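# Structural characterization, general
One letter stands for each residue in the lines below.
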Amino acid sequence: GKFAHSQQYGYVTSCPTNLGTGMRASVHIKIPNLTSDGTEAKAKLVCKPLGLSVRGVGGEHTPIGADGTVDISPSARLQIQEAEIIC
């Protein structure tokens, strides 16, 4: 089969936020001091200026772990190379 591909934007995926490589490298990390209120709100305030997204351990729109574990990944995925995502 063929996949939809643009020379400018990369591969077209089912989620427009993943347009480009379709790749999202992330880490699960415990940050109890930033999640002590049971939300990822403080973590998002720290991560957003750094170009990072914070989400629950089950993916977008899922809760953070009971122990303060969150999923952190680069926000940018459009018009970047795979190496830029993981470096």
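Here the structure is a predicted model, which is why all the values come from computation and not from measurement. (Residues numbered from 1 in each chain as written. Predicted model: local features only at pLDDT ≥ 70, side-chain atom pairs only at ≥ 80, totals over all residues. Heavy atoms only, no water.)

Further remarks concern the environment of L52. On the secondary structure map, L52 appears in strand 4 (residues 52-55). Assessed through its relative accessible area of 28%, L52 is described here as partly exposed. Among all residues touching L52, those that are not within four sequence positions of it are C47, I72, S73, P74 and S75. (Helix = DSSP H or I, 4+ residues; strand = E, 2+ residues; numbered from the N terminus. Buried < 20%, exposed > 50% of the residue type's maximum accessible area, 1.4 Å probe, protein only. Contact = heavy atoms within 4.5 Å.)

For the rest of this paragraph, the subject is the pattern of salt bridges. What the rule picks out here adds up to two salt bridges. The partner of K44 in a salt bridge is E40, and the shortest N-O contact between them spans 3.6 Å. (Salt bridge = Lys/Arg side-chain N within 4 Å of Asp/Glu carboxyl O.)

The next thing to look at is the sheet that holds strand 3 (residues 27-30). Taken in spatial order, the three strands make up an open sheet running 3-5-4, and their pairing is antiparallel. The open sheet has two free edges, formed respectively by strand 3 and strand 4, since each of these has just one partner strand. The average undirected angle you get between the axes of adjacent strands in this sheet is 35°. Pairing of strand 3 with strand 5 (residues 69-74) involves four bridges; the strand directions are antiparallel. Opposite I29, over in strand 5, you have V70 as the bridge partner. (Pairing = 2+ DSSP bridges. Axes fitted to C-alpha atoms, helices over the stretch in contact; angles between N-to-C directions.)

Counted residue by residue, strand 5 has five buried out of six residues, so it is predominantly covered. Relative to strand 5, strand 4 is paired through four bridges, and the arrangement is antiparallel. When the bridges of strand 5 are listed, R55 appears paired with D71.

I31, A43, C47, V54, I64, V70 and I72 together form the largest nonpolar core, which totals seven residues. Elements supplying a minimum of two residues to this core: helix 2 (41-47) and strand 5. The residues contacting A43, other than those within four sequence positions of it, are I31, L34 and V54. (Core = buried A, V, L, I, M, F, W, Y, C linked by side-chain atoms within 4.5 Å.)

The subject of this paragraph is the environment of K42. Structurally, the position occupied by K42 is in helix 2. If we skip the residues at most four places from it in the chain, K42 touches L34, S36 and D37.

Here we take up the side chain of S53. With respect to the helices, strands and loops of the structure, S53 is situated in strand 4. Among the polar contacts listed, one links the side chain of S53 to the side chain of S75, at a separation of 2.9 Å. Each residue touching S53, except ones within four places of it in the same chain, is listed here: D71, I72, S73, P74 and S75. (Polar contact = N/O pair within 3.5 Å; in protein donor to acceptor, adjacent residues only side chain to side chain.)

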